[in-house]
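# Descriptive analysis of the structure
Spelled out, the chains give:
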Amino acid sequence: MNIAENLKQVLSELPEGVRLVAVSKFHPNEAIEEAYRAGQHVFGESKVQEMTAKYESLPKDIEWHFIGHLQTNKIKYIVPYVALIHGIDSYKLLAEVNKQAAKADRTVNCLLQLHIAREETKFGFSPDECREMLAGGEWKELKNIRICGLMGMATNTDNVEQIKAEFCSLSSFFQEAKATWFADAEYFRELSMGMSHDYHEAISAGSTLVRVGSKIFGERNY
Ligand SMILES: *Cc1c(COP(=O)(O)O)cnc(C)c1O
């Protein structure tokens, strides 16, 4: 497994305007350092403890993205340094991030996670739940968070047409949300979708952030 080569390959496939989050979860610091030396400075992690340990021991100019399911009692550990939280799936979680961000005297960038897959198990708002939350307007009072866009995961399937349809539905909801609630917010511009097996479809559908792990670092042992 040559991490630098894999990284170069993935980067060469990304059009302008699409950024790579290298998903390093369950891989050791050495793997991250190899990608870092090859020029990658944005990494994604899904466990609070693991991300915080890596943040503490790795170069400080790394941009850490939290892509997992965030528990409210752990927000405080990542809020001082996290660059973007991808998986906000309730108003309660957003409000709690805001509270901890205020304590840390920061503004924390967040993405709202939409449930687009057919599987029951994936987290996220349904489009209607998300509309209701945004229309409610309470989030506008949360001064220490910034909603920078949306995130979603397609169904884990070989059916490419289904994957495309799910990404397109997220993309059109993104356009709707942008026009309805964030027309004047230049920061509302991120659409986080696409993983190792489906990032090409995600890019075709308008992704701005792809989260690629195993294609760069190899299979995870967990
Ligand atoms: C693990 C993970 C990824 C990366 O998955 P790969 O298939 O290894 O590319 C992307 N997004 C989320 C939310 C993940 O949990």
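Our subject in this report is the structure included herewith. Keep in mind that this is a model prediction, so the values were computed, not measured. (Residues numbered from 1 in each chain as written. Predicted model: local features only at pLDDT ≥ 70, side-chain atom pairs only at ≥ 80, totals over all residues. Heavy atoms only, no water.)

### Section: the overall build of the chain
Of the regular secondary structure elements, the chain holds 9 helices and 8 strands. Here the C-alpha radius of gyration of the chain, 17 Å, is about what a compact globule of 222 residues would show, namely 17 Å. Each principal axis of the C-alpha distribution contributes one length, and for the chain these read about 50 × 45 × 30 Å. By residue count, 51% of the 222 residues in the chain fall in the buried class. Across the chain, every contact between residues at least 6 apart in sequence was considered, and the portion connecting residues at least 24 apart equals 59%. Where the 25 positive side-chain charges of the chain centre and where its 31 negative ones centre are 4 Å apart. (Helix = DSSP H or I, 4+ residues; strand = E, 2+ residues; numbered from the N terminus. Rg over C-alpha atoms; globule rule 2.2 N^0.38 Å. Buried < 20%, exposed > 50% of the residue type's maximum accessible area, 1.4 Å probe, protein only. Contact = heavy atoms within 4.5 Å. Lys, Arg positive; Asp, Glu negative; His and termini not counted. Charge placed at Lys NZ, Arg CZ, Asp CG, Glu CD.)

### Overview of the pairing of strand S6 (residues 145-152)
Counting buried positions along S6 gives 7 out of 8 residues, so the element sits mostly inside the fold. Pairing of S6 with strand S7 (residues 190-192) involves 3 bridges; the strand directions are parallel. By the bridge assignment, glycine 149 is partnered in S7 with glutamate 190. Handedness of the crossover joining S6 and S7 through helix H7 (residues 160-181) is recorded here as right-handed. (Pairing = 2+ DSSP bridges. Right-handed = clockwise from strand over helix to strand, strands pointing away.)

### A few points about helix H6 (residues 127-136)
Among all positions of H6, only Cys130, Met133 and Leu134 are buried. Looking straight down H6, one finds its buried side chains confined to an arc of 95°; they lie on one side. For H6, exposure combined with an orientation more than 90 degrees from the buried face picks out Asp128, Glu132, Ala135 and Gly136. Contacts from the buried residues of H6 go to helix H5 (91-103), strand S5 (108-114), S6 and H7. Trailing H6 by a residue or two, glycine 137 shows a phi angle of about 80°, which is positive. (Arc of directions from axis to C-beta.)

### So, the site of the ligand
Residues in contact with the ligand, as listed here, are Val23, Lys25, Ile67, Met151, Met153, Met195, Ser196, Arg211, Val212, Gly213, Ser214 and Arg220. Here an oxygen atom of the ligand sits 2.8 Å away from a polar atom, N or O, in the main chain of glycine 213. Expressed as a share of its isolated accessible area of 390 Å², the protein-covered part of the ligand is 90%. (Near = heavy atom within 4 Å. Polar contact = N/O pair within 3.5 Å; in protein donor to acceptor, adjacent residues only side chain to side chain. Areas by Shrake-Rupley, 256 points an atom, 1.4 Å probe, with all protein chains shown as cover.)

### A short note on the pattern of salt bridges
One pass over the structure, following the stated rule, counts 10 salt bridges. The residue glutamate 13 makes a salt bridge to lysine 215 at a minimum N-O spacing of 4.0 Å. Placement of glutamate 13 in the loop between helix H1 (3-12) and strand S1 (19-23) and of lysine 215 in helix H9 (residues 214-217) is noted, with a sequence separation of 202 residues between them. (Salt bridge = Lys/Arg side-chain N within 4 Å of Asp/Glu carboxyl O.)

### What about H1?
Every buried residue of H1 is accounted for by Ile3, Asn6, Leu7 and Val10. Down the axis, H1 shows its buried residues gathered within 100° of arc, on one side only. Opposite the packed face of H1, turned more than 90 degrees from it, sit the exposed residues Lys8 and Ser12. Where H1 is buried, its residues touch S1, helix H2 (29-37), helix H8 (199-204), strand S8 (209-212) and H9. For H1, the side-chain oxygen to backbone nitrogen distance between the N-cap and alanine 4 is 3.2 Å, and the N-cap itself is asparagine 2.

### Quick look at the packing of H6 against H7
Remark: H6 packs on H7, axes separated minimally by 12 Å, with the N-to-C direction vectors making an angle of 10°. Judged on the interaxial angle alone, H7 and H6 are roughly parallel. Considering only the axes of H6 and H7, their crossing is right-handed. Residues Pro127, Cys130, Arg131, Leu134 and Ala135 of H6 touch H7, and the partners they reach there are Phe173, Glu176, Ala177 and Trp181. Along the lines of polarity and charge, the residues of the contact of H6 with H7 split into 7 nonpolar, no polar and 2 charged. (Axes fitted to C-alpha atoms, helices over the stretch in contact; angles between N-to-C directions. Parallel < 35°, antiparallel > 145°, perpendicular 65-115°, else oblique. Left-handed = near helix turned anticlockwise from the far one by under 90°. Nonpolar A, V, L, I, M, F, W, Y, C, P; charged D, E, K, R; others polar.)

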